[in-house]
Amino acid sequence: MESFFKDKYYGAINYYWIVCMAVSPDYGKFASVSRPMFKEVRKFRELNGTIEELKGVYTCGFNFDADEFKLFISSTDEEAERMIARKVVDSLSNLDRLSKKAAAFDKERFKSDMIQLFKDNNLI
């Protein structure tokens, strides 16, 4: 995905982070994905202590429920990739609730490109 989107520009969002939580059902209550969020500027402290500043970061995520987790763990790599691709496509609906700060983001073109990438790789 990174190489596919590397040279594409969609507007306000420069970094699209997907957080996938796949945890054992016994520990599900300890793992939750935060709501989708857009930050104009996001700062991170690197391990060496320096601060990195990224502009236009959108973060969203999803969980696997207990049955999905069991299926994911027992599946082949190809099946697991398909499961993740379907979850990512489902999560694209969160873009419809973007804040006004990210109004310049071309979400329809981004969604279309993401779906096409998965189709081209036989993941959906």
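Computed from a prediction, not measured in an experiment: that's the story for all the values here.

Thoughts on the side chain of Ser-91
One can find Ser-91 in helix α3 (residues 77-91). Since its relative accessible area comes to 5%, Ser-91 is described here as buried. One polar contact links the side chain of Ser-91 to the main-chain carbonyl oxygen of Val-88, over a distance of 2.7 Å. If near-sequence neighbours (up to four positions away) are discounted, Ser-91 is found in contact with Tyr-16, Cys-60 and Phe-62.

A word on the packing of helix α2 (residues 66-74) against α3
Taken N-terminus to C-terminus, the directions of α2 and α3 make an angle of 145 degrees; their axes are 8 Å apart at the nearest point. Only Ala-80, Met-83, Ile-84 and Lys-87 of α3 make contact with α2, whose side of the interface consists of Glu-68, Leu-71 and Phe-72. Tallied by class, the residues present in the contact of α2 with α3 amount to 5 nonpolar, no polar and 2 charged.

Details of the pairing of strand β3 (residues 51-63)
Here strand β1 (residues 15-21) runs beside β3; their pairing, made up of 7 bridges, is parallel. Residue pairing in the sheet places Met-21 in a bridge with Asn-63 of β3. Of the strand pairs in this sheet, strand β2 (residues 37-45) and β3 are connected by 8 bridges, and their pairing is antiparallel. Each bridged residue has a counterpart across the sheet, and for Met-37 the counterpart in β3 is Thr-59. Counted along the chain from β2 to the antiparallel partner β3, the turn is 5 residues long, and its residue Gly-49 has a positive phi close to 95 degrees.

Some points on the confidence of the model for the protein
Mean pLDDT for the protein: 87, with 93% of residues reaching 70 or above. Mean pLDDT values for the elements of the protein range from 84 in β1 up to 94 in helix α4 (residues 107-120).

Focus on the sheet that holds β2
Taken together, the 3 strands give an open sheet; going across it, the order is β1-β3-β2, and neighbouring strands pair in mixed fashion. On the outer flanks of this sheet lie β1 and β2, each paired with one strand and no other. Averaged over all neighbouring strand pairs, the angle between strand axes comes to 50 degrees, with direction disregarded. Lying on the sheet, α3 is in contact with β1 and β3; it crosses β3 at an angle near 105 degrees.

Rules behind the numbers
- Residues numbered from 1 in each chain as written.
- Predicted model: local features only at pLDDT ≥ 70, side-chain atom pairs only at ≥ 80, totals over all residues.
- Heavy atoms only, no water.
- Helix = DSSP H or I, 4+ residues; strand = E, 2+ residues; numbered from the N terminus.
- Buried < 20%, exposed > 50% of the residue type's maximum accessible area, 1.4 Å probe, protein only.
- Polar contact = N/O pair within 3.5 Å; in protein donor to acceptor, adjacent residues only side chain to side chain.
- Contact = heavy atoms within 4.5 Å.
- Axes fitted to C-alpha atoms, helices over the stretch in contact; angles between N-to-C directions.
- Nonpolar A, V, L, I, M, F, W, Y, C, P; charged D, E, K, R; others polar.
- Pairing = 2+ DSSP bridges.
- pLDDT = per-residue confidence, 0-100.

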